[in-house]
Amino acid sequence: MGDMANNSVAYSGVKNAVKEANHGDFGVTLAELRSLMELRATDALHKIQECYGDVHGICTKLKTSPNEGLSGNPADIERREAVFGKNFIPPKKPKTFLQLVWEALQDVTLIILEIAAVVSLGLSFYQPPGGNESLCGSVNVGEEEEESEAGWIEGAAILLSVVCVVLVTAFNDWSKEKQFRGLQSRIEQEQKFTVIRGGQVIQIPVADIIVGDIAQVKYGDLLPADGVLIQGNDLKIDESSLTGESDHVKKSLDRDPMLLSGKKQDGAVENRNKAKAQDGAAMEMQPLKSEDGGDGDEKDKKRSNLPKKEKSVLQGKLTKLAVQIGKAGLLMSAITVIILVLYFVIDTFWVQKRPWLAECTPIYIQYFVKFFIIGVTVLVVAVPEGLPLAVTISLAYSVKKMMKDNNLVRHLDACETMGNATAICSDKTGTLTMNRMTVVQAYINEKHYKKIPEPEAIPEKTMAYLVTGISVNCAYTSKILPPEKEGGLPRHVGNKTECALLGLLLDLKRDYQDVRNEIPEEDLYKVYTFNSVRKSMSTVLKNSDGSFRIFSKGASEIVLKKCFKILSANGEPKVFRPRDRDDIVKTVIEPMASEGLRTICLAFRDFPAGEPEPEWDNENDIVTGLTCIAVVGIEDPVRPEVPDAIKKCQRAGITVRMVTGDNINTARAIALKCGILNPGEDFLCLEGKDFNRRIRNEKGEIEQERIDKIWPKLRVLARSSPTDKHTLVKGIIDSTVFEQRQVVAVTGDGTNDGPALKKADVGFAMGIAGTDVAKEASDIILTDDNFTSIVKAVMWGRNVYDSISKFLQFQLTVNVVAVIVAFTGACITQDSPLKAVQMLWVNLIMDTLASLALATEPPTEALLLRKPYGRNKPLISRTMMKNILGHAFYQLVVVFTLLFAGERIFDIDSGRNAPLHAPPSEHYTIVFNTFVMMQLFNEINARKIHGERNVFEGIFNNAIFCSIVLGTFVVQLISTIPTSRLKFLKEAGHGTQKEEIPEEELAEDVEEIDHAERELRRGQILWFRGLNRIQTQIRVVNAFRSSLYEGLEKPETRSSIHNFMTHPEFRIEDSEPHIPLIDDTDAEDDAPTKRNSTPPPSPNKNNNAVDSGIHLTTDMNKSATSSSPGSPLHSLETSL
């Protein structure tokens, strides 16, 4: 390798440069430098000679000294930055939180919800004008204030759910982005580089390097900018990310002086770059050499022309479903409105034969608005509010959990798209393999070991030769360092093949560093460095007795030809004839090569002390007559967990293809080991050239039909360029061979993979070996660069899809039942049995919680046993449809039985035919409770959607689910306890609106003071009792008078008008007004049991005496006069 401590480079190209016109007083413009950096090898040399004479000519024009570097004067640095720009790729501007909110709002389901909410809100605030109702028909529109005032809750709550969804989505995206940026900036701040300024060698951050800097490139450096070599010694660059070629490219002044940023100097880590890291745009356009720089605006234009990724599979299906549900809901609500209007019109104008009077028009309008509101309620019930939230929660939960599985998800929907993936195009190096050359087989002492032998199995003599030979005859710059982070693999620095041999020594429990400490580099007598012609490297050691020993290593077929002896089983050299050599080639080397191994032969030769010193310059005479120590097979081994992961993928219906820059034999061998190819199957392995020839027509254009002939059978694409990868991905995505469109995932680490990552449905970038450009283009970053993490992503993706299906099954059952109940209820009994507020509780609270419960089910391995659903399969499968309809049928039977026969079964008053918006009755409370309980148990049913029998399986693995089901159950119980039993809520019922109270009763305010005072000082009650008695007497007289005269003509002055309507045989002795007295409240406090004697209180205590001024007791069976002592009415009689 030679000494490379001081390769210096003049940095000419700088990554991001903007101003072209003003090139100050430098002798070269930015555009010239850029076009120079786009040339390779000999073309670049000609250009330099033609335009600048030589590299020093460039230095002169850039006003820099090859030895001293730049002066480092701040003014000069500023000027250069102004002219040529900074060495910094500006990160894409992160989206603001508001932009993310706006994006989240574009969802179709949310738009439908917003419209429904606005309409519902608007109507709830509509207060129709009054009119003379007695002439306008007796259809009952008794308006119970409490319910009408609750009308706005429905609309507001829907809006609230929309806001929740939008904020959760936006916050998720925002935090993902922030995480990603944090990761990036941390990496960037750590990078420093050595440059010479003012004759001093200093380290500066990579972003501070400017055009004209002279930099020192050391072993293992990652080049921070494009540049031209000034002087160097045996400099090799790893350009594998550009070409996929794993061998290093030699750079020298007379052959190829062009160094590109992002390349690894004789790389330890396989790292990456492409044509020109001038601006992130390089990966945006298809040709990799983009004409970047230029105007920012121009570039944005180019960028916006890129086709947007189409919707993810699930998004597409959900949008379609939301629209369908919306249409169905609209239809149902329209029918409801039409039926109600017809019923009203026919009843009023046909049956009662009333004329249409002009002054009645406002009242009729009021009826129609009522019907319209009922229609909107039906529509709102039909739209699944919980759905967008379920999707968001499910995705957000999965993304959080996927971090633990080494997937950093950058775009939420990528997670779920992955569940539908049908093809994965994977890199070989680093993803399927470990990207570290390793000795996997060896032929030592006439024995072929398929695995590395135990140290005890090798004779001591052989071991000594092996240890010294490898330690000394590898560049001292090749070494194995401890891992960077706990639990990682040791780092290989330097030549990969040599690191493999050093690794062999470590596997044999020997340490090469001890030998190197004994024989430092300067003690090596002579080194013949490796060259590609003789394919070997040799090192001569001089022993203390004057004898010499030479160690040689190289390609086995070449070195073996020079061997005349071989170490036998006991470690002694024995004769090695051509015949034996052919045997070894047949039995050892060819089998190794067929498995994709690189074979290397290790040998030595002794020059005894007495002989004259050989002619060292004549290498061919020296390196001959060798004794063979061993033949080893080296490969980049497959990661141990990969074959299993690929098997899982294939079982799950996902085809894995390998796309690599390596040669076809190695690629095929690795594909066999991974299980991508199976022996005896009819699959294609192509090289990039061959692939291109087959897919292009005579004019050289790519034809889709030609790609369609190849890709279904293609499994390995070797020696492929980034463009080939992009062509293949695009070809598979655009293909129409199968009825399902393919969903393709791609893995990539190099900048050149950018276009393919962007084109794919899901792009995976490598977190460790990936370039920034690759990460920016990707959807998911694999933080451990491991293929198994991709399988985890598939599992999570399918789990999201299933979670949402589970939730849909639950939600649609609720909706079907609720819509039918609301529809039939409104048409038969003129009112929806489930009130708006109750529906809201079911819809919003329960569905939101259910979405949380069902969306957090953990994934199981069973998800990988089925094929992907594909884009065309409906979201609601037949099994789900059966479950939804079956359950809905059962629920409807129960609800309707309770609705139409409940009063007989439970022996309670019927809540039916109460006027529109009457207060809730005990009957309807039973209906509502039953309805909710059925939903609650249906939530458990919804846990399985593929027709499994046991719905309880694994239910305790999900703590969230259990706690939500229990929590909902408890809250539901509390919410249906009559208000009177909840003392602490008592005060909430006071404060009636003025409109409710006829003028004569305004004095009742005293009664409210009474309440408050009693809470404070019970002693003063006696004062008020006297007052109250007098008021009562006045009020009773008034009540008698008003109910007799006005009530029959002007019913609307009454707060409880419906009693006149429902019971025409209204009698005066039944209208004892129930007026709150102190005895009443005392009785309530002291002895709730005594109340049983009073007329049955309605279950909703909001309209007990405290709340509505007058309560007309209209129960015929229990005449009010027969009230027992101790009841409120008893005290009323005494006062009368």
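Scroll up for the structure.
Procedures and definitions
- Residues numbered from 1 in each chain as written.
- Predicted model: local features only at pLDDT ≥ 70, side-chain atom pairs only at ≥ 80, totals over all residues.
- Heavy atoms only, no water.
- Helix = DSSP H or I, 4+ residues; strand = E, 2+ residues; numbered from the N terminus.
- Contact = heavy atoms within 4.5 Å.
- Areas by Shrake-Rupley, 256 points an atom, 1.4 Å probe, with all protein chains shown as cover.
- Phe/Tyr/Trp six-rings, centres within 6.5 Å; stacked < 30°, edge-to-face > 60°.
- Buried < 20%, exposed > 50% of the residue type's maximum accessible area, 1.4 Å probe, protein only.
- Lys NZ or Arg CZ within 6 Å of the ring centre and 35° of its normal.
- Arc of directions from axis to C-beta.
- Salt bridge = Lys/Arg side-chain N within 4 Å of Asp/Glu carboxyl O.
- Axes fitted to C-alpha atoms, helices over the stretch in contact; angles between N-to-C directions.
- Parallel < 35°, antiparallel > 145°, perpendicular 65-115°, else oblique.
- Left-handed = near helix turned anticlockwise from the far one by under 90°.
- Nonpolar A, V, L, I, M, F, W, Y, C, P; charged D, E, K, R; others polar.
- Core = buried A, V, L, I, M, F, W, Y, C linked by side-chain atoms within 4.5 Å.
- Patch = residues over 30% accessible without salt bridge, like charges linked within 9 Å, V, L, I, M, F, W, Y side chains within 5 Å.

Enquirer: What should I look at first to understand the overall build of the protein chain in this one?
Expert: Helix and strand counts for the protein chain stand at 38 helices and 28 strands. Sequence-distant contacts in the protein chain: of pairs separated by 6 or more residues, those separated by 24 or more amount to 74%. Of the roughly 50700 Å² of accessible surface on the protein chain, a fraction of 58% belongs to carbon and sulfur atoms.

Enquirer: Would you explain the packing of aromatic side chains in this entry?
Expert: Two descriptors summarise a pair of aromatic rings, namely the distance from one centre to the other and the angle between the planes of the rings. The final tally for this structure, using the stated rule, is 18 aromatic pairs. Ring centres of Phe344 and Phe368 lie 5.6 Å apart, and the angle between their planes is 85 degrees; this geometry places the pair in the edge-to-face category. Taken together, the residues span a long stretch of sequence, with Phe344 in helix α11 (residues 313-351) and Phe368 in helix α12 (residues 361-382) at a distance of 24 residues. A relative accessible area of 24% means that Phe368 is categorised as partly exposed. Here the aromatic residues Phe344, Phe349, Trp356, Tyr364, Phe368 and Phe371 are joined through ring pairs into a cluster of three or more. We note Arg516 situated over the ring of Tyr476; from NZ or CZ to the ring centre the distance is 4.8 Å. If you follow Arg715 out to its NZ or CZ, it ends over the ring of Phe683, 4.0 Å from the centre.

Enquirer: Would you mind showing me how to read helix α4 (residues 74-84) here?
Expert: Structural remark: α-helix, 3.6 residues per turn; residues separated by three or four positions point the same way. Within the span of α4, buried status applies to Asp76, Ile77, Arg80, Val83 and Phe84. Axial view of α4: buried residues confined to an arc of 130 degrees, hence all on one face. Exposed residues on α4 whose side chains face more than 90 degrees from its buried face are Pro74, Ala75 and Glu78. Along its buried surface, α4 packs onto α1 (30-37) and β2 (192-197). Positive backbone phi, approximately 90 degrees, marks Gly85, located one or two places after α4.

Enquirer: Would you explain the pattern of salt bridges in this entry?
Expert: A side chain of one charge can pair with a side chain of the opposite charge when the charged atoms of the two come close. Scanning the model with the defined rule gives 24 salt bridges in all. Of the charged contacts in the structure, one is a salt bridge between Glu698 and Arg706, with a shortest N-O distance of 3.7 Å. The shortest N-O distance in the salt bridge between Glu857 and Lys806 comes to 3.9 Å. Residue Glu857 is located in the loop between α29 (836-855) and α30 (878-906), and its partner Lys806 is located in helix α28 (residues 787-829); the two are separated by 51 residues in the primary sequence.

Enquirer: For this particular structure, what's the right way to read the packing of helix α13 (residues 386-404) against α28?
Expert: The relative placement of two packed helices comes down to the angle between their axes together with the axis-to-axis distance. At a closest axis distance of 10 Å, the pairing of α13 and α28 adopts a crossing angle of 155 degrees. When the axes of α13 and α28 are compared, the pair comes out roughly antiparallel. As for the relative orientation of α13 and α28, their crossing is right-handed in sense. Only Ala793, Trp796, Val800, Ser803, Ile804, Phe807, Leu808 and Gln811 of α28 make contact with α13, whose side of the interface consists of Gly386, Leu387, Ala390, Val391, Ser394, Leu395, Tyr397, Ser398, Lys401 and Met402. Of the residues assigned to the contact of α13 with α28, the class counts are 12 nonpolar, 5 polar and 1 charged.

Enquirer: Can you help me understand the nonpolar core in this one?
Expert: Generally speaking, nonpolar side chains in soluble globular proteins are found buried as a group. Counting residues in hydrophobic clusters, the biggest one holds 103 residues, and the most contacted among them are Met418, Phe764 and Phe787. Ranked by residues supplied to this core, first place goes to α28 with 20 residues. When near neighbours in sequence (up to four residues on either side) are disregarded, Phe764 contacts Asn407, Met418, Ala745, Val746, Thr747, Gly748, Leu757, Ser778, Ile780, Leu782, Ile790 and Ala793.

Enquirer: Explanation requested: the packing of helix α14 (residues 412-419) against α28 in the structure shown.
Expert: At a closest axis distance of 6 Å, the pairing of α14 and α28 adopts a crossing angle of 95 degrees. The angle between α14 and α28 falls in the class roughly perpendicular. Contacts between α14 and α28 pair Cys415, Glu416, Met418 and Gly419 from the former with Ile790, Ala793, Val794, Gly797, Arg798 and Val800 from the latter. Tallied by class, the residues present in the contact of α14 with α28 amount to 6 nonpolar, 2 polar and 2 charged.

Enquirer: Is there a simple way to think about a nonpolar patch on the surface in this case?
Expert: Together, Phe97, Val163, Leu167, Phe171 and Trp174 make up an exposed nonpolar region whose accessible area comes to about 440 Å². Element by element, the count of residues in the nonpolar patch is highest for helix α8 (residues 151-190), at 4 residues. Topologically, Val163 is positioned in helix α8. Owing to a relative accessible area of 42%, Val163 belongs among the partly exposed residues under this scheme.

Honestly, that's just the spatial picture; any functional story needs more than this.
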